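Overview (structure and organization)
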Amino acid sequence: MDSIAVALQPYKDTVGLTAAIVTVVQFFSGVLALNEIRRQGNTKGFSVLPFLGCTVFCLLNIQFGQMLRDDGMIRVNFIGLALNLLYVCGFYLYTDGPRKTAVWGQIGLAGAFTVGVLSYIQYEDPKLVEFRFGVILTGLLWSLVGMPLLGLSDILKNKSTEGLPFPIIFLGAVVSFCWLLYGIILRSNFLVVQNLMALALSAVQLSLFIIFPSGAAKPPPSPAKKRN
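A word on the packing of aromatic side chains. Tallied over the full model, the rule gives five aromatic pairs. A ring pair is formed by Tyr92 and Trp104, whose centres lie 5.5 Å apart and whose planes are at 70°; its orientation type is edge-to-face. Of the two residues, Tyr92 sits in helix H5 (residues 71–93) while Trp104 sits in helix H6 (residues 97–123), which places them 12 residues apart along the sequence. Consider the rings of Trp179 and Tyr182, whose centres lie 5.6 Å apart with planes at 75°: the pair is edge-to-face. Taken as a pair, Trp179 and Tyr182 lie in helix H9 (residues 166–186) at a separation of three residues, close to a single helical turn. Looking at Trp179, the relative accessible area reads 14%, which means it is buried.

Structure (structure tokens):
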């Protein structure tokens, strides 16, 4: 990795800026999901968890960026935090009355998790906190990237990727690749491991679009129709 880091060192600022820009573009991909919710008039078939997860991830990354004294990371995640808070509010507005209670419960759990992690890092040994905080963020990132795979059984059963958000997954792969390069340049094992695994998860999801069509698989015609 050191030889690659040395070769890419002259492009550090360019790679970092590219990673930041692509990440911001990915944050805006949530507009696509929210627009689909607006078109159908409700949140049926959608979950607030991706928006909540990104909100928590961005908030914790702002804290991590302060630890690393990385102003670029802080700015990018402030944008992501603001956008995902708007997405959560939009999701709640289009949620049917009976389901609003469930959404509030999920928001409460996300808030409790965030407060718990932020409280923990205030009291942890300064020599250990950066590593352990990085482990928490890595696990959260992998959960967010791999979340679409929770419906893998339905995808295999229906032989269709209709429920997978291709633009979000594709942008996620690009973002992971850019931050992987930036992590190599910085010689940051956390960034490298985080984004190498995230890139692999994205590649698995993108491969499903090659194997299965985006629309639902059509059943074969009945024998009666064949005779006609």
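Further notes follow.
The subject of this paragraph is H9. Between its first and last C-alpha atoms H9 spans 30 Å; for 21 residues at 1.5 Å apiece the expected length is 30 Å, and the two agree. Arg187 sits one or two positions beyond H9 and adopts a positive phi of about 60°.

Soluble globular proteins: nonpolar side chains tend toward being buried together. Ranked by internal contacts, the top residues of the largest apolar core, which has 36 residues, are Phe51, Phe57, Leu60, Phe91, Phe133 and Leu137. Look past the residues within four positions of Phe133 in its chain and what remains in contact with it is Leu60, Gln63, Phe64, Met67, Val117 and Ile121.

To continue, consider the side chain of Thr114. Tracing the backbone shows Thr114 in helix H6. Among all residues touching Thr114, those that are not within four sequence positions of it are Val56, Leu59 and Leu60.

Within the element layout of this structure, Met147 appears in the loop between helix H7 (126–146) and helix H8 (152–158). Overall, the relative accessible area of 24% leaves Met147 in the partly exposed class. Measuring from C-alpha to C-alpha, the distance between Met147 and Gln40 comes to 23 Å, with 107 residues separating the pair along the chain. Among all residues touching Met147, those that are not within four sequence positions of it are Leu49 and Pro50.

With that out of the way, let us pick up helix H3 (residues 30–40). Turning to H3, its buried residues are Gly30, Ala33, Leu34 and Ile37. Each buried residue of H3 lies within a common arc of 95° when the element is viewed along its axis, so the set occupies one face. The elements touched by buried residues of H3 are helix H2 (12–28), helix H4 (49–68) and H5. Directly beyond the C-terminal end of H3, a positive phi value near 85° is found at Gly41.

Our next topic: the packing of H4 against H5. The geometry of H4 relative to H5 is characterised by a closest axis approach of 8 Å and an angle of 160° between their N-to-C directions. Overall, the two elements H4 and H5 adopt an arrangement that is roughly antiparallel. Every pair of crossing elements has a handedness; the one defined by H4 and H5 is left-handed. Across the interface between the two elements, Phe51, Leu52, Cys54, Thr55, Cys58, Leu59, Asn61, Ile62, Phe64, Gly65, Gln66 and Leu68 from H4 touch Met73, Ile74, Asn77, Phe78, Gly80, Leu81, Asn84, Leu85, Tyr87, Val88 and Phe91 from H5. In terms of residue class, the contact of H4 with H5 is built from 16 nonpolar, seven polar and no charged.

On to a nonpolar patch on the surface. Where nonpolar side chains cluster on the molecular surface, the patch consists of Leu17, Ile21 and Val25 and spans about 280 Å² of accessible area. Judged by relative accessible area, which is 55%, Leu17 ranks as exposed.

What counts as what
Residues numbered from 1 in each chain as written. Predicted model: local features only at pLDDT ≥ 70, side-chain atom pairs only at ≥ 80, totals over all residues. Heavy atoms only, no water. Phe/Tyr/Trp six-rings, centres within 6.5 Å; stacked < 30°, edge-to-face > 60°. Helix = DSSP H or I, 4+ residues; strand = E, 2+ residues; numbered from the N terminus. Buried < 20%, exposed > 50% of the residue type's maximum accessible area, 1.4 Å probe, protein only. Expected span 1.5 Å × (residues − 1). Core = buried A, V, L, I, M, F, W, Y, C linked by side-chain atoms within 4.5 Å. Contact = heavy atoms within 4.5 Å. Arc of directions from axis to C-beta. Axes fitted to C-alpha atoms, helices over the stretch in contact; angles between N-to-C directions. Parallel < 35°, antiparallel > 145°, perpendicular 65-115°, else oblique. Left-handed = near helix turned anticlockwise from the far one by under 90°. Nonpolar A, V, L, I, M, F, W, Y, C, P; charged D, E, K, R; others polar. Patch = residues over 30% accessible without salt bridge, like charges linked within 9 Å, V, L, I, M, F, W, Y side chains within 5 Å. Areas by Shrake-Rupley, 256 points an atom, 1.4 Å probe, with all protein chains shown as cover. Salt bridge = Lys/Arg side-chain N within 4 Å of Asp/Glu carboxyl O.

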